[in-house]
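What follows is the residue order along each chain.
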Amino acid sequence: MPISLRASQTLLAASLLATLVLAGCGRQAQPKSFLTQDLSLADVRALEAKVAENPEDIHSRDILMNFYRTRGDSVMGAEATIEARRRHILWLIQHHPDSKTARGYWSWISTTPQDPDPDPTGYREGKKLWLEQIDKPGVKVSVLSGAARFLRPYDRPLVEKILLRAQAMEPKGKWNVE
């Protein structure tokens, strides 16, 4: 029995709707922009509240860290930005050192006045936490890579030791470019 054009269009529309609904299952509503150019101070406060409620919300932390690195100073001032970034970076090193966010650009802390948002205190605390992480039994290569990336600008001899350790654990791995 042939299907009418109207019935065919209805089935197609229902299929598309079902696909879109299923594709969105499990996703949380996202803030305005991952690139942060559209985030207001109210948006940042809402994301901070979301992270305070659910510290494991790495996606929101990533957005916040991006914001603090790119626009925090102009919206919140340098001191508040440095403190907020430090809080998130140190939490990630402690709780998720193998995450891409902990190992990424947004998690780097500069120390010299020529750098944007210098935070020597944050760097010292971060270095201490990374060294604790890499001393744990069964440390992953990704954690060694994260520590090396964090320490790279300021402690090259230590970075070399860490990367040689990672290379010994995974000779053909991506420990050096992660």
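Whatever comes next refers back to the structure up there.
Source: prediction; values computed, not measured.

### Regarding the overall build of the chain
And then number 1: Each helix and strand counted, the chain has nine helices and zero strands in total.
And then number 2: Secondary structure elements of the chain, listed N to C terminal, follow the sequence α-α-α-α-α-α-α-α-α.
And then number 3: The buried share of the chain, taken over its 178 residues, is 37%.
And then number 4: Across the chain, every contact between residues at least 6 apart in sequence was considered, and the portion connecting residues at least 24 apart equals 58%.
And then number 5: Total accessible area computed for the chain in this model is approximately 10,800 Å², and 59% of it derives from carbon and sulfur atoms.

### Some details on the packing of helix H3 (residues 58–70) against helix H5 (residues 78–95)
And then number 1: Between H3 and H5, whose axes approach to 10 Å, the crossing angle comes to 145°. Considering the relative orientation of H3 and H5, their crossing is left-handed. Contacts from Ile58, Arg61, Leu64, Met65, Tyr68 and Arg69 of H3 reach H5 at Thr81, Ala84, Arg85, His88, Ile89, Trp91 and Leu92.

### Some thoughts on the pattern of salt bridges
And then number 1: As enumerated under the stated definition, the model contains seven salt bridges in all.
And then number 2: The closest approach of N and O atoms between Glu48 and Arg87, which form a salt bridge, is 3.1 Å. Within this pair, whereas Glu48 is found in helix H2 (residues 41–53), its partner Arg87 is found in helix H5, the two being separated by 39 residues in sequence.
And then number 3: Glu48 sits in the buried class, given a relative accessible area of 17%.
And then number 4: The class of Arg87 is partly exposed, set by a relative accessible area of 38%.
And then number 5: Of the charged contacts in the structure, one is a salt bridge between Glu83 and Arg87, with a shortest N-O distance of 3.0 Å.

### Focus: the nonpolar core
And then number 1: Ile93, Trp130, Phe150 and Ile162 are the most contacted members of the largest nonpolar core, which has 23 residues in total.
And then number 2: Taken together, the elements giving at least two residues each to this core come down to H5, helix H7 (120–134), helix H8 (141–151) and helix H9 (156–169).
And then number 3: Sort the elements by how many residues they give to this core and H8 lands first, with seven residues.
And then number 4: When near neighbours in sequence (up to four residues on either side) are disregarded, Ile162 contacts Ile134, Leu144, Ala147, Ala148 and Leu151.
And then number 5: Core analysis: the second largest hydrophobic core is formed by nine residues, Leu39, Leu47, Leu64 and Ala84 among them.

### Quick notes on unusual backbone geometry
And then number 1: Unusually for a residue other than glycine, Asp117 sits at a positive phi of about 50°.
And then number 2: As for its position among the elements, Asp117 is in the loop between helix H6 (100–103) and H7.

### Focus on the packing of H2 against H3
And then number 1: Here H2 crosses H3 at 140°, and the two axes come no closer than 9 Å. Accordingly, the angle class assigned to the pair H2 and H3 is oblique. Between H2 and H3 the crossing geometry is left-handed. Residues Val44, Leu47, Glu48, Lys50 and Val51 of H2 pack against Ser60, Arg61, Ile63, Leu64, Phe67 and Tyr68 of H3.
And then number 2: Looking at side-chain class alone, the contact of H2 with H3 contains seven nonpolar, one polar and three charged residues.

Rules of the game
Residues numbered from 1 in each chain as written. Predicted model: local features only at pLDDT ≥ 70, side-chain atom pairs only at ≥ 80, totals over all residues. Heavy atoms only, no water. Helix = DSSP H or I, 4+ residues; strand = E, 2+ residues; numbered from the N terminus. Buried < 20%, exposed > 50% of the residue type's maximum accessible area, 1.4 Å probe, protein only. Contact = heavy atoms within 4.5 Å. Areas by Shrake-Rupley, 256 points an atom, 1.4 Å probe, with all protein chains shown as cover. Axes fitted to C-alpha atoms, helices over the stretch in contact; angles between N-to-C directions. Left-handed = near helix turned anticlockwise from the far one by under 90°. Salt bridge = Lys/Arg side-chain N within 4 Å of Asp/Glu carboxyl O. Core = buried A, V, L, I, M, F, W, Y, C linked by side-chain atoms within 4.5 Å. Parallel < 35°, antiparallel > 145°, perpendicular 65-115°, else oblique. Nonpolar A, V, L, I, M, F, W, Y, C, P; charged D, E, K, R; others polar.

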